[in-house]
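What follows is each chain in one-letter form.
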Amino acid sequence: MSTDTSPSASAAVGRALARAPWGTIATIAFVGVALRGLLLWLVLPLDIQSDEANYLYLALAKERLGIYYDQHRYFWPPGYPWLLSKSIHAFGIEGLNVLRAFQVALSSVIGVTTMLFAWRLFSRRAAIVAGVIWAVDLPLGAYTHFLWTETVFLSLLLPALWHFVRALDLADEGDDLGATRRLLLSGVLFGVALYIKEYVLFLVPVFAAVVALRSRGAGWQEALRRASLPVLAVAVVTLPWTLRNHEVYGRTVVGGATLGENVFVGLNARSMNFDVLPLRKRRADLGLPQIETLARTSFTEVPAGWVPEDRDGNGEIEVRDAGWDREFDAIHAIDRHSSQLRAGLAFAAEHPAWTLRTRLKKWSELVTPLSFFTRHQAMAMYPEGGVVAGALRGPLVFLALAVSTLTMLLGAAGYFLTLRRGPCRAVFTVLIGYVVLTSLLVAMSRFRVPLEPVLIVMTAGLLAHGPQDRSRSRVVGLAVTLLVLTGLWWISWPETVAAAQMALGVTR
């Protein structure tokens, strides 16, 4: 299917979408949901871990006390704790599993939208391939039984992207009314997504700029009108929460405020990667060296002047938790984040060489083939004696590692060699760049989740149709990307191997 930017090509896209293989898409989505439901049944009962506990605290405070408060370190948007509180109110402690089951069902939206993108860009065959990959994508599917926001967030983000791309298609066709409606709908979905994660706060203005640039042929007045639509829709949807935050905190906060704490974690002396940091206690119990001691010191060594110290008095030397401390004196949560932002930027400016090499480390942590599923296996979080932690442990861990690795490799190849020019390529490029740039601050496999469906779509296009454009610029772009990807994997290879061995049950 052609995806160039001419009006005739856009009209062809619209006609083709009306003939999308909905029966096939629905069947594959049903199978994917069934596999996730089976996985949920196999992993129960499942304990909570890390931020899952914080979401539960917020939900209980809302359900029992009727208040929503900040976490001192973070001020999260209220959407996910609200869902959790409603589930607890209706079902008691079983509400945790009810929400997990809801996430399993909601993942169908992710699967259907992923297949639609593959159909929109390539063909029915590519849509089927994308659906199969999505159905067996264990790292992505495992989020349905975690109490993290990823499944709910993606079920809003992907439709928002879909309607945004369709708006660009309709604008190219000359259907101004249809484009306007789609832009408003995408803005509404982005706004609702901000109630789950504030991640897209700065993405929406970038997409607005894309609309303006692609619409400049209609005149700058019309281009600015179209560009303003998703931004205004987001503002309207988030206005009630923004006004509430201004009343409570006296500050303008859209969604949430987590930047200060992320700066504390990401621009500080000690490198922290939450794919491996929670493994510390488990490794200590097993008598294994801490993963930090295995890391390549060239990318984790603290700046000059920050010396390792024996903090526990037991002879084991470890690095200070931070080059600078959190601002605990400021009671005001939002002002505390602003203070931490200033401290982190000052620390980075004082240590430019350290800042540069640790940013490479952050990118390495973004593209790690590890996942929260492998982390759960490494921490022995799944029920002992169950098949997920028993007979199927090895195959499932290998599947999780293989899917992550192959979708990154083949997705990169699909982006350069198969994905043609057009609105969807522009949107995907912006999203990839946004994820990569935001991961300069703090990164882990979880932050790659918004790209997982995109990687699946591009992998499906390559597998279904092979290379379509072997021009020199594209081949060179792919070669450079694969070289960079290999180098980033090399940076975190020791920690990746150690965590993967724990996930497989190898404890030597």
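Per chain, residue numbering runs from 1 following the sequence as it is written. The model is predicted, so local features are restricted to residues of pLDDT at least 70 and side-chain atom pairs to those at 80 or more, both for listing and for counting; the totals for chains, interfaces and linings are taken over all residues. The side-chain quantities take in all heavy atoms of the structure and omit both hydrogens and water.

Further remarks concern the packing of aromatic side chains. Two rings belonging to Phe, Tyr or Trp (six-membered ring only in the last case) form a pair when the distance between their centres is within 6.5 Å. Interplanar angles under 30 degrees mark stacking, angles over 60 mark edge-to-face geometry, and anything in between is tilted. In this structure the tally under the stated criterion is 22 aromatic pairs. Ring plane angle 90 degrees and centroid distance 5.3 Å describe the contact between Phe264 and Trp324, whose orientation is recorded as edge-to-face. Of this pair, Phe264 sits in helix α12 (residues 259-266) while Trp324 sits in the loop between α14 (297-300) and α15 (333-350), and the two are 60 residues apart along the sequence. Relative accessibility decides the category of a residue: with a 1.4 Å probe and only protein chains considered, values under 20% of the type maximum give buried, values over 50% give exposed, and everything between is partly exposed. With a relative accessible area of 7%, Phe264 lands in the buried category. The class for Trp324 is buried, based on a relative accessible area of 10%. Of the aromatic side chains, those joined through ring pairs into one cluster are Tyr55, Tyr74, Trp76 and Tyr80. Each helix is a run of DSSP H or I of at least 4 residues and each strand a run of E of at least 2, with the numbering of both proceeding from the N terminus.

Before going further, it helps to examine a nonpolar patch on the surface. Here, patches come from residues exposed beyond 30% relative accessible area and free of salt bridges, joined within 9 Å for like charges and within 5 Å for nonpolar side chains (Val, Leu, Ile, Met, Phe, Trp, Tyr). To be clear on the numbers: accessible area is Shrake-Rupley with a 1.4 Å probe, and residue cover counts the displayed protein chains and nothing else. The term salt bridge refers to a pairing of a side-chain nitrogen on Lys or Arg with a carboxyl oxygen on Asp or Glu at a separation within 4 Å. Residues Phe30, Val31, Leu35, Leu38, Trp41, Val136 and Leu399 make up a contiguous nonpolar surface patch of about 690 Å² in total accessible area. Sorting elements by how many residues they give to the nonpolar patch places helix α2 (residues 22-43) first, with five residues. Note on placement: Leu38 falls in helix α2. With a relative accessible area of 43%, Leu38 lands in the partly exposed category.

A separate point is the pattern of salt bridges. Tallied over the entire structure, the rule returns 17 salt bridges. The salt bridge partner of Arg280 is Glu292, with a shortest N-O separation of 2.8 Å. Taken together, the residues Arg280 in helix α13 (residues 280-286) and Glu292 in the loop between α13 and α14 connect sequence positions 12 residues apart. Looking at Glu292, the relative accessible area reads 31%, which means it is partly exposed. The salt bridge partner of Asp469 is Arg474, with a shortest N-O separation of 3.3 Å. For Asp469, a relative accessible area of 26% puts it in the partly exposed group.

Before going further, it helps to spend a moment on helix α9 (residues 176-194). Under the convention used throughout, the expected extent of a helix is 1.5 Å for every residue step, that is, one less than its residue count. For α9, spanning 19 residues, the distance from its first C-alpha to its last is 27 Å, which sits close to the expected 27 Å at 1.5 Å a residue. Among the residues making up α9, those that are buried are Gly178, Ala179, Thr180, Leu183, Ser186, Gly187, Leu189, Phe190, Gly191, Ala193 and Leu194. In this structure, the buried residues of α9 make contact with α8 (150-173), α10 (203-214) and α11 (220-249). Here, two residues are considered to be in contact whenever any of their heavy atoms come within 4.5 Å of each other.

For the rest of this paragraph, the subject is the nonpolar core. Ranked by size, the top nonpolar core spans 152 residues in total, and within it Leu161, Phe190 and Phe373 carry the most contacts. When residues in this core are grouped by element, the largest group, 13 residues, is from α8. Residues belong to a common nonpolar core when they are buried Ala, Val, Leu, Ile, Met, Phe, Trp, Tyr or Cys residues joined through side-chain atoms within 4.5 Å.

Mapped onto the elements, Arg470 comes out in the loop between α20 (452-465) and α21 (472-491). By relative accessible area, which is 61% here, Arg470 ends up exposed. Along the chain, Arg470 and Gly386 lie 84 residues apart, while their C-alpha atoms are 48 Å from each other.

On a range of 0 to 100, pLDDT expresses the predictor's confidence in each residue. For the protein chain, per-residue confidence averages 90 on the pLDDT scale, and 92% of positions sit at 70 or higher. Low pLDDT, under 50, characterises residues 1-6; the stretch is placed with 22 contacts to residues that sit more than four places away or in other chains.

This next bit is on the packing of α15 against helix α16 (residues 352-366). Each pair of packed helices can be summarised by the angle the axes make with each other and by the distance between the axes. Lines fitted to the C-alpha atoms define the axes, with helices restricted to the stretch that makes contact. Angles between their N-to-C directions range from 0 to 180 degrees. In the contact formed by α15 and α16, the axes pass within 5 Å of each other and the chain directions differ by 105 degrees. When the axis of α15 is compared with that of α16, the two are roughly perpendicular. Touching Phe347, Ala348, Ala349 and Glu350 of α15 are Pro352, Trp354 and Thr355, all from α16. Taken together, the residues of the contact of α15 with α16 break down into five nonpolar, one polar and one charged. When an angle is under 35 degrees it counts as roughly parallel; over 145 it counts as roughly antiparallel; between 65 and 115 it counts as roughly perpendicular; any other value is oblique. All residues other than Ala, Val, Leu, Ile, Met, Phe, Trp, Tyr, Cys, Pro, Asp, Glu, Lys and Arg, Gly among them, are scored as polar; the first ten of these are nonpolar and the last four charged.

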